[in-house]
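So you can see what is in the structure, the chains are spelled out below.
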Amino acid sequence: MSGVIPTAPEQPADEKDNQIKSPDQRPDAPPDYNSHFVPGPPGPAVPAPAGYAGGLPMGYNSPQQPGTFFSYQPAGGAHPIRYQPGKYHMSNQPVSVTWMPGPPPIPNCPPGLEYLTQLDTIHVLQHFEPLEMITSFETNNGYDIKNNLDQMVYIVNEDTDDFTRNAYRTLRPFILRVTDCMGREIMTMQRPFRCTCCCFCCPSTRQELEVQCPPGVTIGFVAEHWNLCRAVYSIQNEKKENVMRVRGPCSTYGCGSDSVFEVKSLDGVSNIGSIIRKWNGLLSAMGDADQFEIHFPLDMDVKMKAMIFGACFLIDFMYFERSPRRSSR
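Residues numbered from 1 in each chain as written. Predicted model: local features only at pLDDT ≥ 70, side-chain atom pairs only at ≥ 80, totals over all residues. Heavy atoms only, no water.

What's the story with the packing of aromatic side chains in this structure? I'm lost.
Each pair of aromatic rings is reported with the distance of its centres and the angle of its planes. This model, assessed by the stated rule, comprises nine aromatic pairs. With centroids separated by 5.0 Å and ring planes inclined at 85°, the aromatic side chains of Tyr143 and Phe313 adopt a geometry described as edge-to-face. Placement of Tyr143 in strand S2 (residues 142-146) and of Phe313 in helix H5 (residues 302-320) is noted, with a sequence separation of 170 residues between them. Overall, Tyr143 belongs to the buried group, its relative accessible area being 1%. Here Phe309 and Phe313 contribute two aromatic rings whose centre-to-centre distance is 5.1 Å and whose plane-to-plane angle is 90°, an arrangement assigned as edge-to-face. Of the two residues, Phe309 and Phe313 are both situated in helix H5; the distance of four residues between them amounts to about one turn of the helix. Look at Phe309 and you get buried, because its relative accessible area is 1%. Seen from the ring of Phe221, Lys240 lies directly overhead, with NZ or CZ sitting 4.8 Å from the centre. (Phe/Tyr/Trp six-rings, centres within 6.5 Å; stacked < 30°, edge-to-face > 60°. Helix = DSSP H or I, 4+ residues; strand = E, 2+ residues; numbered from the N terminus. Buried < 20%, exposed > 50% of the residue type's maximum accessible area, 1.4 Å probe, protein only. Lys NZ or Arg CZ within 6 Å of the ring centre and 35° of its normal.)

This is the structure we're talking about:
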């Protein structure tokens, strides 16, 4: 029977259905498999990331941030490695500054001077300005005021216009504004312009600094006295009555040593405190970044502490302020 075409044996219906169904070859189709995953208890809710309202559902974790990667603790007790430097983007965060804890208000104490009641030593650190050395353009001075624990007490910034700074240089009149940790101006120091081209013994040529605390309320003056071989100042109260004297060394330009300005009583017998310009090596010789150390009795009247503090800046401008060299053509 050559005319009969052989046929395959008939298969059950369920096998025919399996042959008709071809596996889906699309890449987005998940494979068919049985999951053996056993769900655990839901995790705690976490706060929503920035920009999202409300919290996240139970069992969801917040997205990982660059500073929250799991840390790896190497052997040997070293510090954990958070992430590889340069691999993840880090936001530019300012360096944290440790401020001295604010004391409570004190009766009969000008606001902002409560810090000085707890101190007998303060450090005055002038900011180093490399641009000033490179461009010969005089910039406003800035200072950090710290205690012995390296905690910030005040910040002092000069407020003088560009023309005055670069025209009069070290003889310029200036305004120094003292601010606390809250950014409040608690003290102002003003130096008027005094011409020094005539006789030095003339009272109109002597330098003077007025200290106001709070700004607008004068608490005293620092007045220069003419002397042939050394720096001499009087610390005065608001009525311009002499209270103390400041006596400097014969030479304030000593290389390799500190310059000590002694704070004495009016009769010159008792030593009350000192203003010391610290020698800072090559930075003191070439750069305009001076460091001072001020000492006074702990139980001293806080206004007189502020006056000794103000005398430090007049001394700095008169003897240690260096103007950038101008290029001569």
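Looking at this structure, I do not really get the sheet that holds strand S4 (residues 174-179). What am I missing?
Sheet strands pair by backbone hydrogen bonding; their relative direction is either parallel or antiparallel. Spatial ordering of the closed barrel is given by S1-S2-S3-S4-S5-S6-S7-S8-S9-S10-S11-S12, a layout of 12 strands whose pairing is antiparallel. Between one strand axis and the next, the sheet turns through 20° on average, direction left out of account. Here five bridges tie strand S11 (residues 271-278) to strand S12 (residues 291-295), and the two strands are oriented antiparallel to one another. Paired with Ile275 across the bridge in S12 is Ile294. Against the sheet, H5 makes contact with strand S1 (121-126), S2, strand S3 (152-158), S4, strand S5 (185-191), strand S6 (208-212), strand S7 (218-225), strand S8 (232-237), strand S9 (242-247), strand S10 (259-264), S11 and S12, and its axis sits at roughly 40° relative to S7, the strand it touches most. (Pairing = 2+ DSSP bridges. Axes fitted to C-alpha atoms, helices over the stretch in contact; angles between N-to-C directions. Contact = heavy atoms within 4.5 Å.)

Looking at this structure, I do not really get the environment of Ile275. What am I missing?
Positionally, Ile275 belongs in strand S11. Look at Ile275 and you get buried, because its relative accessible area is 0%. Separated by 13 residues in sequence, Ile275 and Glu262 have C-alpha atoms that sit 6.4 Å apart. Beyond its immediate sequence surroundings of up to four residues, Ile275 is in contact with Ser259, Val260, Phe261, Val263, Phe292, Glu293, Ile294, Ile308, Ala311, Cys312 and Ile315.

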